[in-house]
Amino acid sequence: MQGSDDLSDIGKFGGNFEIENPVPRPSSNDVDLLNNKLHAMSLKSRMTLHPGADSMRIIQLENEVRQLREQHLNLKNDYSMVEEKFRKQEVLLHKLTERYRKELMERDEELRKVHNEMVDLKGQIRVAVRVRKYEDEKNEDICVVGENDIKFDNKAEYHFEHIFNARNDQEMVFGQVKELILSVLHGYNVCLIAYGPTGSGKTFTMRGENNENLAGVIPRSIQFLLEHSEQQLAAIGWKFNFSASYLEVYNEEVFDLLDQRKKCDLKLNGSTSSTNVIGLKKVQIKSIFDTETLMNLADSYRSTASTGCNSQSSRSHAIFQIHVDAIHSKTGQIAKCSLNLVDLAGSERVKESGAQGERFAELTNINQSLSTLKRCIRAQMNNSSHIPFRESKLTLLLRTYLGKGSSKTMFIAHLNPNDVAETKRTLEFTKELRSTNLGRAQVQK
Ligand SMILES: Nc1ncnc2c1ncn2[C@@H]1O[C@H](COP(=O)(O)OP(=O)(O)OP(=O)(O)O)[C@@H](O)[C@H]1O
């Protein structure tokens, strides 16, 4: 039969074999059964060959499993105990942290009150004086510098909150102003103004040099604010954001020193009596290194020129502003205020300076704006109903800090005793400053 796999067909078709009773071919099931049987037999024979070794191994394994189970149970109990202890410690830590935070907040509140009362001086404009080194020692008789008083030409005496003599370095100057600067972290506007004749050291005090020892008030203030906010106030829930802007007033125009000296317009904000500088760039400050970059950038744009009195004289008024935005993470209390560090251009007599052309125009603008500043201060001193803030860009920008109740303001008058006439004029102006009362500053929100 074609296609059949029946083995009986082989003989019929010419094969050599005659198979009378052919063995039936086993099916695949039969093969599997056989294999299993063989495997069982082999196992049995092996068991019969090594009965002791396998039963020992089983007993040993059972013991090991029992021990592991006990260890597992013990570890589980230990873990529960440690977890319970950890939870209790965590609750205790939380309670202690809260108590510590509360104490810190109460202490901070008290310190703020004492500190602000101390630096408030009943709202008067504070005045400190920094005296440059004498080049001509004979002049020392004209201007005698004591601890808080200056005696001039053996006639007039002037009294100040603080006098920095020629031996006092940058660190000492900052040490005296930092208490006032701290108020900005408590929500007050603060303004520090360097005033004085050309070459008397205003830029040296405010900006200083790119050297740790000679760094001025601007870089030191930023470092102080960053460190104090992180080390003292973050622990009690305050979060701060600092940004900076830097502008100059040159020939009655305002320029952005952080934005390629872009010209900016001013807009008066009637409701808050403040002045907005339209489009002024604000740069976030996260570390002291950001400041150094900013200062160098601004230096490259600031208007300076060589004059008869100073080879690197600032021909503009520069205002560096640090804007502070603070929020308390628990109470939601907010504070929005600013620190203003002002480096005025130096006063100089046109006749003595010999200025001509461009220098003459600059000097005329500088002297006019400084004269408006003096008139505003005098008007405040006399409680006048009209203060001529609008008469110069400088006073428009500073009106918030020269106006009543909105800022803690300090002047650092600079003296160059080698210039007797200018020293006398500066000392006379400081007398007026000292008798000007701006009223107690208010916290800004
Ligand atoms: N206390 C000081 N110690 C060392 N150097 C000083 C001191 N004060 C000023 N100088 C140096 O005197 C020079 C003139 O100072 P600075 O430019 O600060 O004067 P200024 O008052 O800003 O002048 P201007 O109004 O013309 O810009 C600079 O070279 C400065 O480094």
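Cut-offs used in this document
Residues numbered from 1 in each chain as written. Predicted model: local features only at pLDDT ≥ 70, side-chain atom pairs only at ≥ 80, totals over all residues. Heavy atoms only, no water. Core = buried A, V, L, I, M, F, W, Y, C linked by side-chain atoms within 4.5 Å. Buried < 20%, exposed > 50% of the residue type's maximum accessible area, 1.4 Å probe, protein only. Helix = DSSP H or I, 4+ residues; strand = E, 2+ residues; numbered from the N terminus. Contact = heavy atoms within 4.5 Å. Phe/Tyr/Trp six-rings, centres within 6.5 Å; stacked < 30°, edge-to-face > 60°. Lys NZ or Arg CZ within 6 Å of the ring centre and 35° of its normal. 1 Å grid on protein atoms, 1.4 Å probe; cavity = no way out; pocket = protein on both sides within 12 Å on 5 of 7 lines; lining within 4 Å. Points joined across faces, edges and corners; volume = space filled by probe spheres on them. Nonpolar A, V, L, I, M, F, W, Y, C, P; charged D, E, K, R; others polar.

Undergrad: In this structure, what is going on with the nonpolar core? I would like to understand it.
TA: The nonpolar side chains of a soluble globular protein tend to be buried, and buried together. With 45 residues, the main nonpolar core has Leu 192, Leu 225, Phe 242, Tyr 246 and Phe 320 as its most contacted residues. Broken down by element, the residue count for this core peaks at seven residues, all from helix H6 (residues 217-233). Setting aside residues no more than four positions away along its own chain, Leu 192 makes contact with Val 177, Leu 180, Met 206, Val 217, Asn 340, Leu 341, Val 342, Met 410 and Ile 412. Val 254, Leu 280, Ala 345 and Ile 387 belong to the second-largest nonpolar core, a separate cluster that totals 41 residues.

Undergrad: Could you clarify how one ought to interpret the packing of aromatic side chains in this entry?
TA: For any pair of aromatic rings, the description consists of the separation of the ring centres together with the inter-plane angle of the planes. Counting across every chain of the model gives six aromatic pairs. Summarising the aromatic geometry, the rings of Phe 240 and Phe 242 are spaced 5.8 Å apart at their centres and angled 5° between planes, so their arrangement reads as stacked. Residue Phe 240 is classed as buried on the basis of its relative accessible area, which comes to 19%. In this structure Phe 242 comes out as buried when scored by relative accessible area, which is 5%. We note Lys 374 situated over the ring of Phe 429; from NZ or CZ to the ring centre the distance is 5.3 Å.

Undergrad: Can you help me understand empty space enclosed by the protein in this one?
TA: Over the atoms rolls a probe the size of a water molecule, and in doing so it shows where empty space is left. Following the criterion strictly, the structure yields one cavity of 30 Å³ or more and no others. Of the voids in this model, the largest cavity is the one considered here, and its volume is about 40 Å³. Val 249, Tyr 250, Asn 251, Glu 252, Arg 315, His 317, Glu 362, Asn 365, Ile 366 and Ser 369 are the residues that line the largest cavity. Residues of the lining of the largest cavity, tallied by class, amount to three nonpolar, four polar and three charged.

Any functional reading would require information that these geometric values do not contain.
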